[in-house]
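# Breakdown of the fold
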Amino acid sequence: MQLMSLKNSQQLSQRQTLFFHDAKTGVPIHIIGTMHYNPHSIAKVEGIVSSYGKANRLGSVVLESCEERWSATQHVQPEGSKMRSFLDNEFQTAAELAKLYDEQSEKENIRLILADEDIQSNNMRIKKAFKSTITDIVNPWKGGWESIMLDLKRGYSENFDPRSTNRSTKEDDERMHLYLDRDDLLDMEMLRSAPISLARYVLGFVAKKPLPGSLLLAWLAALLGYGVLHGTGDLSLADEAKATAAGLLLNLLLGVPLFGRTLLVTLLSDRNEILARNIRAECERLQSEGRSNQACIVVLGLAHCNGVKRLLCEEKKF
C-alpha cells in the first residue's frame, strides 16, 4: 500500500513531525511542526506535502490560520510576488502545493482548511485572561493563586508533557506516547535559521500592520540604543544585585502568572481544542467520501503539535 511506504520512508519520519491516525475516523494525520518563516521548516513542509501529492494520497492540507489572517497574508504577499519570496513561509508553501496537486488530480478534491480561531475572538479571550489573572493575583486568600497554579500545571502537562495525561491502553499505547521532545525543539538545522525566522516575522508584522509594527520597531530600537549607550550607569554592585532581585521577584509574582497562564491556556490549550475540532471535522469529511486512506496534512507551530495530537488520539468530542 502506498500510504504505508510513505509512512515508513525517511521523508515522513523526520524531526518535528507526528504521524498517527485520528481516533474516531482512522484517517491518517501527519502533523508538521514548524518555526514560522524558518527555511528549514519550509523545506520540510514542501518535501512532505509533495511526497503525499506524488503518491496520490493527499486528502487535505490544514493550516494554523484563520480567514482574516490568511486574507491579510494573501493581500500583502500574493503568490508569485517579490514580497512572497522575501517573506517565504510554510503556510503559503503548503497552500500552493495543495492547489497544484488539486489541479493535477482528475477525481479528488484536495481542500485547504484554515483551522485556527478567528483573530478577533482570540484577542478578546487574551484580554479576558489578563483581567481574570490580575484579579486572581490580588486575591490570593480567595483561591486566586491556587487557580493560577492549577492552570499553569494543566497547560504545561497538556501541551509539553501530554504523556502525563494519557489514559491509553492496548493498541493505542504506541501512537499515544509518541510526541515531540527537546530534540525536536533543539534541532540545530532549524535553530541555525532562527535569525531569518525572527527577521521575517517582524518584517511580516510591519508589512501587514504598518503603524503598530513601525511603532514597535522604533520602541525596540530606542530601548536597545539606551541600553548600549547607558548600560547600568553608576550603580554599585550591591545596587545592581538589589535591582536584579527586584526584577526576579516582580517576574515571579506578576510576569509568570500573567503571561504564563495566557500562553499555556489561552494561546495554546484553548486554541488546540479549536484546531483539533476542525481537523477532526475534515477527517470526518474524508471518511464520508470514502477517502479514509488519504492523509490530512496539518501545518502548525511547534508549540501546538503535542496538544493537538493528544486531543485527536481521543475519540471524545472536544
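Since the model is a prediction, treat every value here as computed from it, not as a measurement.

What follows concerns the overall build of the chain. Along its length, the chain carries 14 helices and five strands. By the burial criterion, 44% of the 318 residues in the chain qualify as buried. Long-range contacts, defined as pairs at least 24 residues apart, comprise 78% of the intrachain contacts of the chain with a sequence gap of at least 6. Element-wise, carbon and sulfur atoms account for 59% of the exposed surface of the chain, whose accessible area totals about 17500 Å².

Moving on to the pattern of salt bridges. Under the criterion given, the structure shown has 21 salt bridges. Between D116 and R271 there is a salt bridge, with its nearest N and O atoms 2.5 Å apart. On the criterion of sequence distance, the pair formed by D116 in the loop between strand 4 (111-114) and helix 6 (119-137) and R271 in helix 13 (residues 237-288) is long-range, its members being 155 residues apart. Accessibility classification places D116 together with R271 in one group, the buried group. Residues participating in the shared-partner salt-bridge network are D136, D151, R154, E158, R261, R310 and E314.

Turning our eyes to something else, we now look at helix 7 (residues 144-159). A rise of 1.5 Å per residue sets the reference length of helix 7, with its 16 residues, at 22 Å; its end C-alpha atoms lie 23 Å apart and thus fit the reference within 8%. Along helix 7, the positions that sit buried rather than exposed are G144, I148, D151, L152, G155, S157, E158 and N159.

Reading across from one edge, 1-2-5-3-4 is the order of the five strands in this open sheet, with mixed pairing throughout. The open sheet is flanked by strand 1 (17-21) and strand 4, the only strands paired with a single partner. On average, each strand axis in the sheet is tilted by 20° relative to the strand beside it, whichever way the strands run. With four bridges connecting them, strand 3 (residues 58-63) and strand 4 associate as parallel partners. Residue S60 lies in a different strand from strand 4, and its bridge partner there is R111. Of the strands in this sheet, strand 1, strand 2 (28-34) and strand 5 (295-301) are in contact with helix 14 (residues 302-312), which crosses strand 5 at around 140°.

Turning next to the nonpolar core. Within the largest apolar cluster, 24 residues are counted, with the highest numbers of intra-cluster contacts made by I29, I31, I279, C296, V298 and V308. Elements represented by at least two residues in this core include exactly strand 1, strand 2, helix 13, strand 5 and helix 14. What I279 contacts, discounting residues up to four positions off in sequence, is I29, V62, C296, V298, V308 and L312.

Here we take up helix 11 (residues 194-208). Side chains of residues three or four places apart in an α-helix project in the same direction, reflecting 3.6 residues per turn. With 15 residues, helix 11 extends 21 Å from end C-alpha to end C-alpha; this agrees with the ideal 21 Å at 1.5 Å per step. Those residues of helix 11 not exposed but buried are S197, R200, G204 and V206.

What follows covers the packing of aromatic side chains. Where two aromatic rings form a pair, the distance of their centres and the angle of their planes describe that pair. In this structure the tally under the stated criterion is three aromatic pairs. Measuring from centroid to centroid gives 5.9 Å for Y37 and Y201, while their planes differ by 85°, and the two rings are edge-to-face. You can see Y37 sitting in the loop between strand 2 and helix 2 (39-54) and its partner Y201 sitting in helix 11, a full 164 residues away along the chain. Seen in terms of ring centroids, F130 and F259 are 5.7 Å apart; in terms of plane orientation they differ by 80°. Their pairing is edge-to-face. With F130 in helix 6 and F259 in helix 13, this pair connects stretches of sequence that are 129 residues apart.

This brings us to the pairing of strand 2. Among the seven residues in strand 2, seven count as buried, and that is most of the element. Residues P28, H30, I32 and T34 point to one face of strand 2 and I29, I31 and G33 to the other, with burial holding for every one of them. Bridge analysis of strand 1 against strand 2 gives five bridges, and the strand direction is antiparallel. Within strand 2, the residue paired with F20 across the bridge is I29. Counted along the chain from strand 1 to the antiparallel partner strand 2, the turn is six residues long, and its residue G26 has a positive phi close to 80°. The pairing of strand 2 with strand 5 spans six bridges and is classified as parallel. Opposite I32, over in strand 5, you have V299 as the bridge partner.

Reading the values: rules and limits
Counting restarts for each chain, with residues numbered from 1 along the sequence as it is written. Only residues with pLDDT of at least 70 are given local features in this predicted model, and only at 80 or more are side-chain atom pairs given and counted; all residues enter the totals for whole chains, interfaces and linings. With hydrogens and water excluded, all non-hydrogen atoms of the structure serve as input to the side-chain values. A run of DSSP states H or I qualifies as a helix once it reaches four residues; a run of E qualifies as a strand once it reaches two. Both are numbered from the N-terminal end. Summary of the burial criterion: residues with accessible area below 20% of their type's maximum are buried, those above 50% are exposed, and those between are partly exposed, where the area comes from a 1.4 Å probe applied to protein chains only. Two residues form a contact once any of their heavy atoms are found within 4.5 Å. Using a 1.4 Å probe, accessible areas were evaluated by the Shrake-Rupley method; residue-level cover was limited to the displayed protein chains. Salt bridge, as used here, is a side-chain nitrogen of Lys or Arg placed within 4 Å of a carboxyl oxygen of Asp or Glu. Multiplying 1.5 Å by the helix residue count minus one yields the expected span of that helix. Being paired, for any two strands, means DSSP has found at least two bridges between them. Each axis is a line fitted through C-alpha atoms, and for a helix only the stretch in contact is used; angles between axes span 0 to 180 degrees, taken between their N-to-C directions. In this description, a nonpolar core means a group of buried Ala, Val, Leu, Ile, Met, Phe, Trp, Tyr and Cys residues linked to one another through side-chain atoms lying within 4.5 Å. Aromatic pairs are defined between Phe, Tyr and Trp rings, using the six-membered ring for Trp, whenever the two ring centres lie within 6.5 Å; interplanar angles under 30 degrees are classed as stacked, those over 60 as edge-to-face, and all others as tilted.

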